[in-house]
Amino acid sequence: MSASSFTVFETAIGACAVIWSARGIVGVQLPEANEQATRARVTRRFAGIQEAAPPPDVQRAVDGIVALLAGEKRDLTDITIDDKGQTEFNRRVYAVARKIPTGATMTYGEIAERLGDKTLARAVGQAMGENPTPIIMPCHRVLAAGGKTGGFSASGGVVTKLRLLTIEGAQPNGPTLFESLPLEARRRG
């Protein structure tokens, strides 16, 4: 994966970044503690990368991410991802996950079944954890079986995943009388 540039931008959930190459979007960085931490995370992930003004196609991606995180129903499937560094399996998993519409969810097992082998659910989960382009490739919309959230490797973990699903209006277990209540992680203890 050869990234050439990145830009940091504000969203409803904090400062995010998009990283791109000549082929498309290489990465999306969800917010860290502050803008400087987000920028530092990007420069650690992509050695030698330079911050730059985004070209028009990247700016459209930024605008789409900002709108989606502000609660607008946005389809980001038209954004080109540079998946050159991805394994063939991950590409197949991401192709299925990218089709999950805003506000909807699927399970790791459902994606595995669409790939033709329901025993691949754990491998699907691992692919989600390796996703370099969250939001554009909506790994947050992929849940574990039985209504469990599964993991989320971005800063904030499952709490961030649930926040993203709440912003999108997702009801993983179907509509309820309390659709406007936020999803939250179960407390342990």
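See above for the structure.
Here we summarise the structure given alongside this text.

Procedures and definitions
- Residues numbered from 1 in each chain as written.
- Predicted model: local features only at pLDDT ≥ 70, side-chain atom pairs only at ≥ 80, totals over all residues.
- Heavy atoms only, no water.
- Core = buried A, V, L, I, M, F, W, Y, C linked by side-chain atoms within 4.5 Å.
- Buried < 20%, exposed > 50% of the residue type's maximum accessible area, 1.4 Å probe, protein only.
- Helix = DSSP H or I, 4+ residues; strand = E, 2+ residues; numbered from the N terminus.
- Contact = heavy atoms within 4.5 Å.
- Pairing = 2+ DSSP bridges.
- Axes fitted to C-alpha atoms, helices over the stretch in contact; angles between N-to-C directions.
- Parallel < 35°, antiparallel > 145°, perpendicular 65-115°, else oblique.
- Nonpolar A, V, L, I, M, F, W, Y, C, P; charged D, E, K, R; others polar.
- Polar contact = N/O pair within 3.5 Å; in protein donor to acceptor, adjacent residues only side chain to side chain.
- Salt bridge = Lys/Arg side-chain N within 4 Å of Asp/Glu carboxyl O.

**Details of the nonpolar core**
Next, step 1: If you look at the biggest cluster of nonpolar residues, it comprises 38 residues, and the most contacted ones within it are Val18, Ile25, Ile65, Val93, Ile111, Met128 and Ile135.
Next, step 2: At the level of elements, strand S2 (14-21), strand S3 (24-29), helix H2 (56-69), helix H3 (88-97), helix H4 (108-114) and helix H5 (121-129) are the ones that each hand at least two residues to this core.
Next, step 3: Excluding residues within four positions of it along the chain, Ile25 makes contact with Val18, Ile19, Trp20, Val58, Ala61, Ile79, Thr80, Ile81, Asp82, Thr133 and Ile136.
Next, step 4: Listed in part, the nine residues of the second largest apolar core include Phe6, Ala17, Ile19 and Phe46.

**Structural notes on helix H6 (residues 157-167)**
Next, step 1: Taken together, the buried positions of H6 are Gly157, Thr160, Lys161, Leu162, Leu164 and Leu165.
Next, step 2: Trailing H6 by a residue or two, Gly169 shows a phi angle of about 75°, which is positive.

**Some remarks on the pairing of S3**
Regular strands have side chains that alternate between both faces of the sheet.
Next, step 1: With respect to burial, S3 is a largely interior element, six of its six residues being buried.
Next, step 2: Here S2 pairs with S3 via five bridges, running antiparallel. Pairing of Ile19 across the sheet is with Gly27, part of S3.

**A short note on the packing of H3 against H5**
Next, step 1: Running from amino to carboxyl end, H3 crosses H5 at an angle of 85°, the nearest separation of the two axes being 10 Å. On the basis of the axis angle, H3 is roughly perpendicular to H5. In this structure, H3 contributes Phe89, Asn90, Val93, Tyr94 and Ala97 to the contact, and H5 contributes Ala123, Val124, Ala127 and Met128.
Next, step 2: Among the residues forming the contact of H3 with H5, the class breakdown is eight nonpolar, one polar and no charged.

**Considering the side chain of Asn90**
Next, step 1: On the secondary structure map, Asn90 appears in helix H3.
Next, step 2: With a relative accessible area of 5%, Asn90 lands in the buried category.
Next, step 3: In terms of polar contacts, Asn90 uses its side chain to reach the side chain of Glu130, at 2.8 Å.
Next, step 4: Ignoring anything within four residues of it in the chain, the contact list for Asn90 reads Ala127 and Glu130.

**Notes on the sheet that holds S2**
Next, step 1: As summarised here, the arrangement of the four strands in space is S3-S2-S1-S4, forming an open sheet in which the pairing is mixed. Strands with a single pairing partner mark the edges of an open sheet, and in this sheet they are S3 and strand S4 (50-51).
Next, step 2: Sitting on the sheet, H2 touches strand S1 (5-11), S2 and S3, and the angle it makes with S1 is about 25°.

**Describing the pattern of salt bridges**
Next, step 1: Following the criterion strictly, the structure yields nine salt bridges and no others.
Next, step 2: Across the pair Asp83 and Arg23 runs a salt bridge whose closest N-O atoms are separated by 4.0 Å. Taken together, the positions of Asp83 in the loop between H2 and H3 and Arg23 in the loop between S2 and S3 put the pair 60 residues apart, joining distant regions of the chain.
Next, step 3: Residue classification places Asp83 among the partly exposed positions, given a relative accessible area of 28%.
Next, step 4: Each of Arg23, Asp82, Asp83, Glu88 and Arg91 takes part in one network of salt bridges that share partners.

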